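Chain by chain, the residues run as shown.
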Amino acid sequence: MSAHSVEDIKQQSARLRGSLLQSLADPVTGSLREDDQTLIKYHGSYQQDDRDIRDERRLAKLEPAYSFMIRTRTPGGVVTPAQWLKLDAIATTFAERGLRITTRQAFQFHGVIKTELKATMQAINAALIDTLAACGDVNRNVAVAANPHLSAAHATVHAQAAALSEHLLPNTRAYYEIWLDEERVAGSGSEDEPIYGERYLPRKFKIGFAIPPTNDVDVFAQDLGFIAIIDENSVDGTGVLAGYNVTVGGGMGATHGDPETYPRLGSVIGFVTPDQITAVATAVVTAQRDFGNREVRKRARLKYTIDDHGLDWFRSEVERRAGFPLLPARPFGFAHNGDRFGWSTGEDGRFHLTLRIPAGRIVDGALDDLGEAVRHLSGLRRIAQILEAANTAAPDAQQAHFRLTANQNLVIANIVPDLRERIDALTTEYELDSWRRANPLRRNALACVALPTCGLAMAEAERYLPDIVGKVEALLARHGIPGAPIHLRISGCPNGCSRPYLGEIALVGKAPGRYNLMLGADHRGQRLNTLYRENIAEPEILDALDPLIRDYAREKHFDEGFGDFLVRSAVVSIPDKDTRNGIPVKVLA
Ligand code: SRM
Ligand code: SF4
């Protein structure tokens, strides 16, 4: 660890430059200087090492096998086919393990070595995608509902989210100087940062836009959430965006054994009209900048600022900064927080196809939901080529594109009817059709990256997913409910990158092969689960689940979710945390 605190590093970094140029130029090591390892995060990259061979290298007296993870800033996860092809080429040329869709609708490249970092960054920017502020104590990639039932209102929500992502970017030119060779000019190193100031935020900050009835972005896990309220147009019945309910203070991260840290659901504090979101977001971000805990990093997220000062105080502070009062929140209802797979049609008759990508990993040779090695990277390349040709042939028509979902899946959007059959044939040829073949348990399962790249992983997650899902699947089959739609999530540590505390069944890594078993969340992202068994290995996990699944199969009400059943039957007791602040629930069909 660096001798400097993160706060000092930020402040003394000349607006995120530090000595990154010198670190990158140093041929002696594959690593960066310590302070630069913190600063590079703001540029969208993390220094990592291959943990599978860490011990072996230590014994051989070699430095760890350092490499870099790079994360894109792709608000709402939208990329064109042309961009897809470039990202694919980058993954193939510079990275290991292909493209990885994240739980915030970004791409990650793993395994980029230091000497190729700049070329990789340049190639990403040449695809008109950047990585600025994808990590670090700033606003991160803005997550947006990837609902394939695209409508005019949906497009407006996406445009607002993308504009907000731009608005909250840091002003520093460091990114462009270091990676894109922009010349330094007068004032560089002391650019004005009216939103962030010279120490940026106390901690990472996340924004999500949900469009009910789908809560695919898990809006209550976001520091700041916008729940779109769409009224029906009385003339033609299409949706009209009235505004958004605002939620604040969501977050997943916790530390084992430290009660000062905990996952928290966002609280609804009011309603804003579409023209007010920039002001309200700026107010929330700057209030967190000024009042967030800069002494104890583990307590620096907005959720703790709110719990320390009180929700009413926070709401008043936001209203004061925004210059207007928040309106009373409007009724809303979520049906689920998963993705809807397969084909769907938008209001304009275009087709959208949501594909299941296990753990978001797109690489040839990866195992799919059925345990078969698949060629997803090659298949999606073929599809991107076809879509790119169609877009080029009809530049004035609505353009086909890809959308990453916050559940690590992929939507191919805006497909003209003529192309449907070809896309279908390719998804079959390249085994991209597991959404059709895999059962709901498998289709909804989420896992964070964990080993071998994540420096914080205590246990496996992504690599363990197919195995554990298979075993839970066997339990379901034994009790006569094969593939029941239970949301299962695994994280390699309590930081919660797969939002495990919102899983009906969750495994949270404690040590190699050992997990905390968490149970009882709903499947709408509105209720946290709770600890059921601590620090147990696979046989005990399956033993614990077996009687619960048996009882669920026998006693569940029609359509009752597993988490709801466990709460109703008092197997788990969930502290009554009302995220709605009394906002009435809309009854959904
Ligand atoms: Fe995360 C840290 C991966 C979404 C909470 N997360 C990390 C790091 C960078 C490890 C590190 O700091 O060294 C992981 C890199 C692993 C690797 O090898 O790639 C990592 N997080 C991920 C991704 C890739 C998980 C995935 O499998 O998709 C997600 C990337 C999102 C993106 O595109 O920006 C990812 N991380 C999340 C989420 C979910 C979300 O944002 O909806 C959370 C929970 C929500 C929240 O923030 O509270 C999350 N990640 C964390 C935390 C805990 C923060 C806290 O408040 O305590 C850490 C650790 C930290 O920040 O110190 C962390
Ligand atoms: Fe790494 Fe933990 Fe996040 Fe998984 S939850 S990616 S193990 S930090």
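Parameters at a glance
- Residue positions are given per chain, counting from 1 as you read along its sequence in written order.
- Here the convention is simple: chains get letters from A, ligands get numbers from 1, in the order in which they are written.
- The predicted origin of the model limits local features to residues at a pLDDT of at least 70 and limits the giving and counting of side-chain atom pairs to 80 or more, whereas totals for whole chains, interfaces and linings rest on all residues.
- Think of the side-chain values as coming from all heavy atoms in the structure, minus any hydrogens and water.
- Summary of the burial criterion: residues with accessible area below 20% of their type's maximum are buried, those above 50% are exposed, and those between are partly exposed, where the area comes from a 1.4 Å probe applied to protein chains only.
- Secondary structure elements follow DSSP: runs of H or I no shorter than four residues count as helices, runs of E no shorter than two count as strands, and numbering proceeds from the N terminus.
- The criterion for strand pairing is that DSSP finds at least two bridges linking the strands in question.
- Side-chain atoms within 4.5 Å are what join buried Ala, Val, Leu, Ile, Met, Phe, Trp, Tyr and Cys residues into a set we call a nonpolar core.
- Only heavy atoms enter the contact rule, under which two residues are in contact if any of them lie within 4.5 Å.
- Think of each axis as a best-fit line through the C-alpha atoms, taken over the contacting stretch in the case of a helix, with angles from 0 to 180 degrees between the N-to-C directions.
- Geometric relationships in this document are graded by angle, where less than 35 degrees denotes roughly parallel, more than 145 denotes roughly antiparallel, 65 to 115 denotes roughly perpendicular, and other angles denote oblique.
- Left-handed describes a crossing whose near helix is turned anticlockwise from the far helix through less than a right angle; right-handed describes the clockwise counterpart.
- The classification used treats Ala, Val, Leu, Ile, Met, Phe, Trp, Tyr, Cys and Pro as nonpolar, Asp, Glu, Lys and Arg as charged, and all other residues, Gly among them, as polar.
- For each residue, the test is whether any non-hydrogen atom lies within 4 Å of the molecule or strand; if one does, the residue is near.
- Pairs of N or O atoms are called polar contacts if they sit within 3.5 Å, as long as, within protein, a hydrogen donor faces a hydrogen acceptor (for residues adjacent in sequence, only side-chain-to-side-chain pairs).
- Salt bridge, as used here: a side-chain nitrogen of Lys or Arg that lies within 4 Å of a carboxyl oxygen of Asp or Glu.
- Working note: the arc is built from the helix axis to C-beta atom directions.

(A) Just the pairing of strand 10 (residues 267-272), in detail. Of all the six residues making up strand 10, six are buried; the element is thus mostly covered by neighbouring parts of the structure. Where strand 9 (residues 239-248) and strand 10 come together, five bridges link them in antiparallel fashion. The partner of Val248 across the bridge, within strand 10, is Ser267.

(B) The nonpolar core, seen in detail. Counting residues in hydrophobic clusters, the biggest one holds 99 residues, and the most contacted among them are Trp84, Phe109, Phe209, Phe226, Val248, Leu380 and Phe402. With seven residues, helix 9 (residues 277-291) is the largest single contributor of residues to this core. Leaving out residues up to four positions away in the same chain, Val248 has contacts with Asp223, Leu224, Arg264, Gly266, Ser267, Ile269, Val284, Leu302, Ile306, Leu311 and Phe314. If you look at the next biggest cluster of nonpolar residues, it comprises 39 residues, including Ile468, Leu517, Ile541 and Leu548.

(C) Examining the packing of helix 5 (residues 81-94) against helix 12 (residues 376-393) more closely. It is the contact of helix 5 with helix 12, at a shortest axis distance of 8 Å, that shows an interaxial angle of 150°. The angle between helix 5 and helix 12 falls in the class roughly antiparallel. Of the two possible hands of crossing, helix 5 and helix 12 adopt the one that is left-handed. Each of Pro81, Ala82, Trp84, Leu85, Asp88 and Thr92 in helix 5 lies in contact with helix 12, whose residues at this interface are Leu377, Leu380, Arg381, Ala384, Gln385, Leu387, Glu388 and Asn391. Taken together, the residues of the contact of helix 5 with helix 12 break down into eight nonpolar, three polar and three charged.

(D) The sheet that holds strand 16 (residues 401-404), seen in detail. Judged by pairing direction, the sheet is antiparallel, and its five strands sit side by side in the order 3-16-17-12-11 without closing on themselves. Two strands bound the open sheet, and with one partner strand each, they are strand 3 (78-79) and strand 11 (342-345). Both strand 3 and strand 16 contribute to a ladder of two bridges, which runs antiparallel. When the sheet's bridge partners are listed, Val78 is paired in strand 16 with Arg403. Helix 12 rests against strand 12 (351-355), strand 16 and strand 17 (410-415) of the sheet, and its axis sits at about 135° to strand 16.

(E) Representation of the site of ligand 1 in the model. Every one of the 29 residues lining ligand 1 counts as a neighbour, but Thr102, Met252, Thr453, Cys497 and Arg499 are closest to it. A distance of 3.4 Å is found between an oxygen atom of ligand 1 and a side-chain nitrogen or oxygen belonging to Arg71. Here Val449 contributes a backbone N or O atom positioned 3.2 Å from an oxygen atom of ligand 1. Every element with two or more residues in the shell around ligand 1 is listed here: strand 1 (45-49), strand 2 (66-71) and strand 5 (107-112).

(F) Region of interest: the pattern of salt bridges. Throughout the structure, instances matching the rule amount to 44 salt bridges. A salt bridge links Arg478 to Asp546, with the nearest nitrogen and oxygen atoms 3.2 Å apart. With Arg478 in helix 16 (residues 465-478) and Asp546 in helix 17 (residues 538-555), this residue pair connects regions lying 68 residues apart in the sequence. Via salt bridges that share partners, Glu7, Lys10, Asp137, Arg199, Arg294 and Arg297 belong to a single interconnected network.

(G) Focus on the site of ligand 2. Looking at ligand 2, the residues that line it are Cys448, Val449, Ala450, Cys454, Leu456, Ala457, Ser491, Gly492, Cys493, Asn495, Gly496 and Cys497. Each residue belonging to the shell around ligand 2 can be placed in one class, and the counts come to eight nonpolar, four polar and no charged.

(H) Main features of helix 13 (residues 420-429). All buried positions along helix 13 are accounted for by Ile423, Asp424, Leu426 and Thr427. Taken around the axis of helix 13, the buried residues stretch over an arc of 165°, which confines them to a single face. For helix 13, the elements touching its buried residues are strand 11, strand 12, helix 12, strand 17 and helix 14 (434-437). Just past helix 13, the residue Glu431 takes up positive phi, approximately 55°.

(I) View of unusual backbone geometry. Cis geometry marks the peptide bond from Pro212 to Pro213; its omega dihedral reads 10°. Considering the arrangement of structural elements, one finds Pro213 in the loop between strand 7 (207-210) and strand 8 (224-232). Across the junction of Leu451 and Pro452, the peptide omega takes the value 10°, indicating a cis bond. If you trace the backbone, Pro452 turns up in the loop between strand 18 (446-447) and helix 16.

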